Amino acid sequence: MSSPWINSLRSVALNVPDLARAEAFYTDVWHLDVAERRDDALYLRGTGADHHLLSLHRDGGPCAIRHVTLRARSADALQAVAEAAMSAGGHVLQPIAPLAAPGGGTGLTIRDPHGRLLQVVHGDAQHADAHEAKDRPSRLAHVVLNTHDVPATQAFFEQALGFRLADRTRIMAFLNCNSDHHSVALGDTDNDALNHIAFVMPDLESVMRGGGRLKDAGHAIEWGPGRHGPGDNAFNYFIGPFGEVIEYTAEVEQIDDSYVAGGPADWTWPPGRVDQWGISQPPSAHLKEAQRQVFFIPTPEHP
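Here goes a summary of the coordinates provided. In this numbering scheme, every chain counts its residues from 1 along its sequence in written order. With the structure being a predicted model, the display of local features is reserved for residues of pLDDT at least 70 and the display and counting of side-chain atom pairs for 80 or more, all residues being used for whole-chain, interface and lining totals. Hydrogens and water are ignored here; the side-chain numbers use all heavy atoms of the structure.

This next bit is on the packing of aromatic side chains. Classification of ring pairs rests on two measures: the distance between centres of Phe, Tyr or Trp rings, Trp counted by its six-membered ring, which must be within 6.5 Å, and the angle between planes, read as stacked under 30 degrees, edge-to-face over 60 and tilted in between. Per the stated rule, a full pass over the model turns up eleven aromatic pairs. Seen in terms of ring centroids, Phe 25 and Trp 30 are 6.2 Å apart; in terms of plane orientation they differ by 25 degrees. Their pairing is stacked. Residue Phe 25 shares its accessibility class with Trp 30, and that shared class is buried. Plain terms: the ring middles of Trp 30 and Phe 199 are 5.4 Å apart, the flat faces sit at 75 degrees to each other, and that makes the pair edge-to-face. With Trp 30 in the loop between α1 (19-29) and β2 (33-38) and Phe 199 in strand β13 (residues 194-200), the pair connects residues that are 169 residues apart, well separated along the chain. Across the pair, exposure class does not vary: Trp 30 and Phe 199 are buried alike. By the ring-pair criterion, three or more aromatic residues cluster together here, those being Phe 25, Tyr 26, Trp 30, Phe 199, Phe 238 and Tyr 248. Note on classification: 1.4 Å probe, protein chains only; a residue is buried when its accessible area is under 20% of the maximum for its type, exposed when over 50%, partly exposed between these limits. Helix and strand definitions here come from DSSP, where helices need a minimum of 4 consecutive H or I residues and strands a minimum of 2 consecutive E residues; each element is numbered from the N-terminal end.

Here it is, written out as structure tokens:
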């Protein structure tokens with residue numbers, strides 16, 4: 001259940017209107033640390049090895065996705081992805097070259113047929129002090145991207161990046177590239193917005209304490225606490241300072257080639273339930289609206 005080309009999800013880059021406000025929230029409240037700072041951007045790490053999990057770029061407009069960054073398994077995988085992306089109907093926006101951004105390495109940026117921007121890197125810097133710490137995110141678990149055409153988007157991720165379907169529910173397709181149940185999921189809806197970004201916490205206790213800390217800071221739990229079906233992970237969802245939906249999660253299911261993908265009929269809950277535990281309320285109306293508001297930045301072909 002692994003991609004021949006993609007090793008993992010590394011980071012997400014967002015445009016934000018207020019960099020100082022972003023730093024205050026994501027360091028003091030969300031518990032990331034500054035890995036590097038530039039005049040117009042901030043790069044934030046967790047406690048794990050990844051150079052950064054989130055990069056925030058000053059922009060006068062609303063919150064938007066600059067790109068999602070995936071780490072390649074090898075330098076040769078970059079060329080394979082470039083060729084496969086074009087064969088799958090995508091475009092190479094930035095060809096393979098050394099990257100000047102913090103973290104470095106060599107990479108390329110591709111665009112899928114619906115305008116999603118995906119950066120693939122290899123040889124990027126990693127921290128030598130990787131560890132787990134209570135109540136602090138270590139890495140990204142997954143990013144969920146809405147799509148108005150799940151079959152087409154799924155086909156692109158499979159053909160261009162080597163992802164495989166782990167599970168399909170009525171409202172989401174879960175895509176796998178390594179031992180994590182999913183690193184990317186596709187929300188079945190009528191738009192192509194960011195659904196949410198999930199950060200791995202070291203344990204269930206940290207997911208719960210994170211919920212209390214966010215509430216204390218004025219950010220309500222918009223969905224949770226609960227435990228998902230596909231992925232078997234515990235969750236708490238919040239809305240960040242610019243309308244972006246973010247999740248604390250833990251205990252993500254680890255799978256291998258013996259795992260059998262389920263379909264919608266395999267993932268149904270009894271009436272009144274929205275998770276395994278049966279204690280979570282449904283996602284808030286505020287959350288559902290926020291999951292439709294943050295889009296990829298436009299490119300000339302996709303204004």
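Turning to the side chain of Gln 119, a few remarks are in order. Note that Gln 119 resides in strand β8 (residues 117-122). Classification of Gln 119 as buried rests on a relative accessible area of 10%. Within the local environment of Gln 119, its side chain forms a polar contact with the side chain of Thr 69, the two groups lying 2.8 Å apart. Two residues form a contact once any of their heavy atoms are found within 4.5 Å. Ignoring sequence-local partners within four residues, the contact set of Gln 119 consists of Arg 10, His 67, Val 68, Thr 69, Leu 70, Leu 99, Leu 108 and Thr 109. Residues adjacent in sequence count toward polar contacts only when both atoms are side-chain atoms; beyond that, a polar contact is any pair of N or O atoms within 3.5 Å, and within protein one must be able to donate a hydrogen and the other to accept it.

Turning next to the nonpolar core. One finds Trp 30, Leu 54, Leu 161 and Phe 199 to be the most contacted residues of the largest nonpolar core, which totals 60 residues. Ignoring anything within four residues of it in the chain, the contact list for Leu 54 reads Ser 11, Val 12, Leu 14, Tyr 26, Leu 32, Leu 42, Tyr 43, Leu 44, Ile 197 and Phe 199. Side-chain atoms within 4.5 Å link the members of a nonpolar core, which is a set of buried Ala, Val, Leu, Ile, Met, Phe, Trp, Tyr and Cys residues.

In this model, helix α3 (residues 150-161) (twelve residues) spans 16 Å end to end at C-alpha, consistent with the 16 Å of a helix rising 1.5 Å per residue. Residues of α3 that are buried: Val 150, Thr 153, Gln 154, Phe 156, Phe 157, Ala 160 and Leu 161. Down the axis of α3, the buried set is contained in an arc of 155 degrees. They therefore lie on one face. The N-capping residue of α3, defined by a side-chain oxygen 3.1 Å from the backbone nitrogen of Ala 152, is Asp 149. A helix is expected to reach a length of 1.5 Å times the quantity of its residues less one. It is the directions from the helix axis to the C-beta atoms that the arc portrays.

What follows is about unusual backbone geometry. In this structure, Pro 225 follows Gly 224 across a cis peptide bond, with omega equal to -5 degrees. Position of Pro 225 among the secondary structure elements: in strand β14 (residues 223-227). You will see that His 31, though not glycine, has its phi angle at about 75 degrees, which is positive. With respect to the helices, strands and loops of the structure, His 31 is situated in the loop between α1 and β2. With a relative accessible area of 16%, His 31 lands in the buried category. Phi at Asp 135 is positive, roughly 65 degrees, even though this residue is not glycine. Secondary-structure assignment places Asp 135 in the loop between β8 and β9 (139-147). The class of Asp 135 is buried, set by a relative accessible area of 17%.

Okay, the sheet that holds β9 next. Reading across the sheet, the eight strands line up as β10-β11-β12-β9-β13-β16-β15-β14 and stay open at both edges, with mixed pairing between neighbours. Because the sheet does not close on itself, it has two edges, and the strands there are β10 (164-168) and β14. Neighbour-to-neighbour, the strand axes of the sheet open up by a mean angle of 20 degrees, direction not taken into account. Judged from the three bridges that link them, β14 and strand β15 (residues 234-239) form a sheet pairing that is antiparallel. Across the sheet, Trp 223 pairs through a bridge with Tyr 237, a residue of β15. Only the stretch in contact is used when a helix axis is fitted, and all axes are lines through C-alpha atoms; the angle between N-to-C directions ranges over 0 to 180 degrees. Where helix α4 (residues 204-216) meets the sheet, it contacts β14, β15 and β16 (245-250), and its direction lies at approximately 20 degrees from that of β15. Two strands are said to pair when DSSP picks up at least two bridges between them.

Here β10 pairs with strand β11 (residues 172-176) via four bridges, running antiparallel. Bridge assignment links Arg 168 to a residue of β11, and that residue is Ala 173. The turn linking β10 back onto β11 is made up of three residues.

On to the side chain of Ser 11. Within the secondary structure, Ser 11 is located in strand β1 (residues 6-16). One polar contact links Ser 11 to Arg 10, side chain to side chain, over a distance of 3.1 Å. Not counting chain neighbours up to four residues away, the residues in contact with Ser 11 comprise His 52, Leu 53, Leu 54, Val 68, Thr 69 and Leu 140.

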